[in-house]
Amino acid sequence: MARILLAWEYGGGLGHIRGLRPIADRLCELGHEIVWAVRNVGPAASALGDRKQRVLQAPISRPKRSEREAASFCDVMITLGFGDQAELDQLVRAWLATIELVRPDLIISDFSPTASLAVRIAQVPILSLGNGYTLPPAVSPLPPTQPWLAVPKRRLEAADALVTGTVNNVLAARGVEGIAMAAEILRPGAVMQCTFPQLDHYGERPGDTYYGPMVDRLAPAAAASEILGRERIFLYLNWAEPRTELILREIKRSGVPGLGFVSGVPRQARKDLSSRKFELTDQPQDLSVHLASTRLLISHGGMGTTTQSLLAGIPALMLPSQQEQAMYCHRVEAGGLGIAVPRQAKPATYGTLLQSAMDPALVERTAAFAAEHGGFDPVTLYGEIVARAEALLAGR
């Protein structure tokens, strides 16, 4: 059978591994050999457990600090080496060496822009999986990543031109045809947009096919009347985010019952911010279990966590801590499915925000969203991805 390389280059946490893991398992069941090239080898290997799958370190660039926040995905790519020909050439060389070492019949990529560029040189079939953010629209210049701000078009065009020019210089040095716009870097072959149109970071794209999100087990969706009868909240935050303590203090003051998982919370803070009704823990929890009794999810607005909540009919109160989350939260809020807490929100407003997030109208809209997507099944999605991979292998 075939050898398949799963590439994960950028993105924090283990959400990308958890999304690719069921795909790898199914492909293994079909007799294919799986090799991983991942951003973080240790955590990825732990997440894969005792699976007989090789795990390699992916060639990556340490993101450069920028004096200003990214205005487009091109700005993000510039921090990853796509604005410096010498650095990008070295990264491409490393990916080409990885591809030569593994000799894959197919690459399945998730947020792997440099691997996607190397594929144009290595001429290996590739299936690119995106969550909206990681597969921006095929337009030039790429749209702003802060649509709530007025970003000068010339800034977007300049970043697009820099990335396109840098890539074309690297390709030309190897006798490979260049690209017309930066968006083409992320689409060297087949693509699958794994999100819902309402939740696409860039807004719905009429020309794209949406397959639904790569999420873990789903909690059963509940009717609005059932959710409105609940009182408990479930909180999933990181202590390093300054707003986490503010919302925890408001929860304790208001007396709302529930459970909070806060990564990295100190023991004394856990004791001080817990109450008779609200338990605070630093132990990971199974979200699908808790959603069955939850009225509201409070999180940083990560796509996987929030999408699971919305598909269960549970609204979200979101405290985004980075730009991708902020874009996603903007879409959730625009759809009337949750409330995003601005970074500049004053502590005195947290009570009002918490109360607004418990609004019955919000529950009604979120339950309607869950009902609309009631036929979605992650198992079916993973089957479609595997079928697409098999088709690409058959045509190689």
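Source: prediction; values computed, not measured.

Further remarks concern the sheet that holds strand 10 (residues 296-299). The sheet built from 6 strands is open, its strands ordered 9-8-7-10-11-12 with parallel pairing. Looking at the sheet topology across the chains shown, the edges are occupied by strand 9 (278-281) and strand 12 (338-340). Each adjacent strand pair in this sheet contributes to an overall mean axis angle of 10°, direction not counted. Here 6 bridges tie strand 7 (residues 233-238) to strand 8 (residues 258-263), and the two strands are oriented parallel to one another.

This part takes up empty space enclosed by the protein. Overall, the coordinates contain 1 cavity of 30 Å³ or more when judged by the stated rule. Estimates place the volume of the largest cavity at around 70 Å³. Contributing elements (two or more residues each) for the lining of the largest cavity: strand 4 (106-110), helix 5 (113-122) and strand 5 (126-130). Residues belonging to the lining of the largest cavity are distributed by class as follows: 5 nonpolar, 5 polar and 1 charged.

This next bit is on the packing of aromatic side chains. Going through the model one piece at a time under the given rule, you end up with 7 aromatic pairs. Summarising the aromatic geometry, the rings of Phe73 and Tyr133 are spaced 5.3 Å apart at their centres and angled 75° between planes, so their arrangement reads as edge-to-face. Here the residue Phe73 occupies a position in helix 3 (residues 73-82), and Tyr133 occupies one in the loop between strand 5 and helix 6 (153-172), the gap between them amounting to 60 residues. Across the pair, exposure class does not vary: Phe73 and Tyr133 are buried alike.

Below, the discussion takes up helix 15 (residues 378-394). In an α-helix, one turn spans 3.6 residues; hence positions three or four apart end up facing the same way. Here helix 15 is 17 residues long and its end C-alpha atoms lie 24 Å apart, about the 24 Å a rise of 1.5 Å per residue gives. Of all the positions in helix 15, only Pro378, Leu381, Tyr382, Ile385, Val386, Ala389 and Leu393 are classed as buried. Mapping the buried residues of helix 15 onto a view down its axis gives an arc of 135°, with all of them on the same face. For helix 15, the elements touching its buried residues are strand 1 (3-8), helix 1 (15-29), strand 4, strand 5 and strand 6 (190-193).

Time to look at the sheet that holds strand 5. Strand order across the open sheet formed by 6 strands is 3-2-1-4-5-6, with parallel pairing between neighbours. Looking at which strands have only one partner, the edges of the open sheet turn out to be strand 3 (54-57) and strand 6. Across this sheet, the average inter-strand angle for adjacent strands is 20°, counted without regard to direction. As judged from the 4 bridges shared by strand 4 and strand 5, these two strands associate in the parallel manner. Considered in strand 5, the bridge of Ile107 is made with Ile126. The strands that helix 2 (residues 41-48) touches are strand 2 (33-38) and strand 3; relative to strand 3, the one it contacts most, it runs at about 165°.

Moving on, we come to the pattern of salt bridges. All told, the structure shown has 16 salt bridges when counted by the stated rule. With a shortest N-O distance of 2.6 Å, Glu250 and Arg253 are connected by a salt bridge. Taken together, the residues span about one helical turn, with Glu250 and Arg253 both in helix 8 (residues 243-254) at a distance of 3 residues. The buried category is assigned to Glu250, whose relative accessible area is 10%. What you see here is one network of salt bridges that share partners, running through Arg187, Asp200, Arg205 and Asp208.

Residues Ile23, Trp36, Ile108, Leu129 and Ile385 are the most contacted members of the largest nonpolar core, which totals 44 residues. When residues in this core are grouped by element, the largest group, 6 residues, is from helix 15. If we ignore the near neighbours within four places in the chain, the residues touching Ile108 are Ile4, Leu5, Leu6, Ala7, Leu20, Ile23, Leu27, Leu127, Leu129 and Ala389.

With that out of the way, let us pick up the layout of surface pockets. There is about 420 Å³ of room inside the second largest pocket. Taken together, 17 residues form the lining of the second largest pocket, with Trp148, Pro320, Ala326, Pro342 and Arg343 sitting closest to its centre. Sort the elements by how many residues they give to the lining of the second largest pocket and helix 12 (residues 323-334) lands first, with 5 residues. When its residues are assigned to classes, the lining of the second largest pocket shows 8 nonpolar, 6 polar and 3 charged.

Right, let's get into unusual backbone geometry. A cis amide bond, omega -5°, links Ser140 with the succeeding residue Pro141. Locating Pro141 in the fold gives a position in the loop between strand 5 and helix 6. One non-glycine residue with positive phi stands out, namely Arg103, at about 55°. Positive phi outside glycine occurs at Phe111, with the angle close to 50°. Here Phe111 falls in the buried class, since its relative accessible area comes to 9%.

Glancing now at the environment of Ala269. Mapped onto the fold, Ala269 is located in helix 9 (residues 267-273). For Ala269, a relative accessible area of 12% corresponds to the buried category. Expressed as a C-alpha distance, the spacing of Ala269 and Trp239, which sit 30 residues apart in the sequence, is 9.7 Å. If we skip the residues at most four places from it in the chain, Ala269 touches Trp239 and Leu280.

What counts, and at which threshold
- Residue indices begin from 1 for each chain and proceed along its sequence in written order.
- Residues qualify for local features only when their pLDDT is at least 70, as the model is predicted, and side-chain atom pairs are given and counted only at 80 or more; totals for whole chains, interfaces and linings, by contrast, use all residues.
- In computing side-chain properties, one takes all heavy atoms of the structure into account and sets aside hydrogens as well as water.
- Two strands qualify as a pair provided DSSP detects at least 2 bridges between them.
- Put simply, DSSP marks the helices as runs of H or I at least four residues long and the strands as runs of E at least two long, and each gets a number from the N terminus on.
- The angle between two axes is taken between their N-to-C directions and runs from 0 to 180 degrees, where each axis is a line fitted to C-alpha atoms and a helix contributes only its stretch in contact.
- Cavities and pockets were defined on a 1 Å grid built over protein atoms only: a cavity is a set of grid points that admits a 1.4 Å probe from which the probe cannot escape, a pocket is an open set flanked by protein on both sides within 12 Å along at least five of seven lines, and lining residues are those with an atom within 4 Å of any such point.
- Grid points are joined across faces, edges and corners, and a volume is the space filled by probe spheres set on the points.
- For this scheme, ten residues count as nonpolar: Ala, Val, Leu, Ile, Met, Phe, Trp, Tyr, Cys and Pro. Four count as charged, namely Asp, Glu, Lys and Arg, and the remainder, Gly too, count as polar.
- A pair of Phe, Tyr and Trp rings is counted when the ring centres sit within 6.5 Å of each other, with Trp represented by its six-membered ring. The angle between the planes then sorts it: under 30 degrees is stacked, over 60 is edge-to-face, the rest tilted.
- Note on exposure labels: buried denotes an accessible area under 20% of the residue type's maximum, exposed denotes more than 50%, and partly exposed covers the range between, all computed with a 1.4 Å probe on protein chains only.
- Each residue after the first adds 1.5 Å to the expected span of a helix.
- What the arc describes is the spread of directions from the helix axis to the C-beta atoms.
- Contacts: residue pairs with any heavy atoms within 4.5 Å of one another.
- Each salt bridge in this description consists of a side-chain nitrogen of Lys or Arg and a carboxyl oxygen of Asp or Glu lying within 4 Å of one another.
- Grouping buried Ala, Val, Leu, Ile, Met, Phe, Trp, Tyr and Cys residues that are joined through side-chain atoms within 4.5 Å yields what is termed a nonpolar core.

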